[in-house]
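Structural overview
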Amino acid sequence: MHHAYDRIFDSFRILDSNNQLIEDVFAQHALWLDQPGCAIQRTDFELPGDMRTDGVLKPGLYLSIVLEGAGEGGPLEGDGRQRYGENDLIAMALREATRCGGAAVRGAHMRAIGVAFPLTSISALGLEPDFMDLFSKTDQTLLYTKAKAPPRVQAVAAEMLKPTIGGHAGQLLLGAQATEILTRSMFVLRHQIDLDGPTGNKRDRLQAIRELVQSDLRHSWSIAELADRAGFSRRTFNLQFRAAYGVSASDYLRALRLDAARDALVHQNMSIADAAYHVGYTHPANFATAFRRRFGCAPSQCRDEKMA
């Protein structure tokens, strides 16, 4: 077995559609980094056939950012398996060794980065209290969730998949990128648990929604989706959000996007088209109209004032 896999698996195998063992097409693309203490799995190839994986993972935190492709995976016992697709972040936290697996079909071109931190590495990084806090509202030994990867996480994963720096410097950069994905993913996992958990009160769930939106302004959030994630009907969500924050959820989302766009124009020197896309507007005309209503000037005037 590949050295990197020794650190994260008690056992691992790949099977075809007839449950026959086949050549491991993944281990050769895995790498262990002593600093910060994690396994990196690079996947950027077309699957040669239908396959499924079956392995026992050691306790730790397992993260996958899927940039392209589709499949399913998760714990093999219970109903925790998830289907995943483009730009999904899949996170699994294990307090005990757990049998897990996945499946994908022949011909699928998978582009993904996996980052695996065993519990010993999490402890060495001083993050064990944060890791254990993920389980504070449950007696389960595993937590498994899927969310859209924030743009920053997608960008880091893409850079890890096609590194431009080699040698020792490249290894240092890869370790820093893995640590960033770890910390950002723990934030996403923490708030996804707050949204999914039955014990969170209404204010906690609304606050988690606000932070979720702030983490990915490019995503085309709808009020129906936000209400569903918060565990409310659309009408109840709107009423609760206005009662808590004094504005409707749609007005809050619009203002948040436009404020971020103005900041990108003034302080980051973005083009108008890039600033619009950065905050989730697909039609520049709609963006310009909304911008003018909020700030009383066109986006181009805002840039001109900055350059004057």
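Residues numbered from 1 in each chain as written. Predicted model: local features only at pLDDT ≥ 70, side-chain atom pairs only at ≥ 80, totals over all residues. Heavy atoms only, no water.

1. Remarks on the sheet that holds strand 10 (residues 109–118)
Picture the strands of a sheet paired through backbone hydrogen bonds; they go either parallel or antiparallel. What counts is decided by this rule: DSSP calls a pair of strands paired once it identifies at least 2 bridges connecting them. A run of DSSP states H or I qualifies as a helix once it reaches four residues; a run of E qualifies as a strand once it reaches two. Both are numbered from the N-terminal end. Orientation is described by lines fitted to C-alpha atoms, with helices fitted over the stretch in contact, and by angles between N-to-C directions that extend from 0 to 180 degrees.
Strand order across the open sheet formed by 6 strands is 2-3-10-5-8-11, with antiparallel pairing between neighbours. In this open sheet, the two strands that pair with only one neighbour each are strand 2 (30–33) and strand 11 (142–148). Along the sheet, successive strands turn relative to each other by an average axial angle of 15°, direction set aside. In this sheet, strand 3 (residues 38–46) lies alongside strand 2 in antiparallel orientation, the contact comprising 4 bridges. Considered in strand 3, the bridge of leucine 33 is made with cysteine 38.

2. Observations regarding the environment of tyrosine 252
For clarity, the threshold we go by: Contact definition: two residues touch when any of their heavy atoms are within 4.5 Å. Here a polar contact means two N or O atoms within 3.5 Å. Within protein one must be a hydrogen donor candidate and the other an acceptor candidate, and residues neighboring in sequence count only if both atoms are side-chain atoms.
Tracing the sequence through the fold places tyrosine 252 in helix 9 (residues 249–267). Note: C-alpha distance between tyrosine 252 and leucine 142 (110 residues apart in sequence) is 35 Å. Among residues more than four places away in sequence, those in contact with tyrosine 252 are Arg210, Gln214, Phe241 and Val247. Of the polar contacts made by the side chain of tyrosine 252, one reaches the side chain of arginine 210; its length is 3.3 Å.

3. Some points on the sheet that holds strand 1 (residues 9–15)
As summarised here, the arrangement of the 5 strands in space is 1-4-9-6-7, forming an open sheet in which the pairing is antiparallel. Every interior strand has two partners, whereas the edge strands, strand 1 and strand 7 (82–84), have only one. Pairs of neighbouring strands in the sheet enclose a mean axial angle of 15°, with direction left out of account. Sheet topology places strand 1 next to strand 4 (residues 51–57); 6 bridges connect them, and they run antiparallel. Bridge pairing in strand 4 places serine 11 opposite valine 56.

Functional significance is not addressed by these values, which are geometric in nature.
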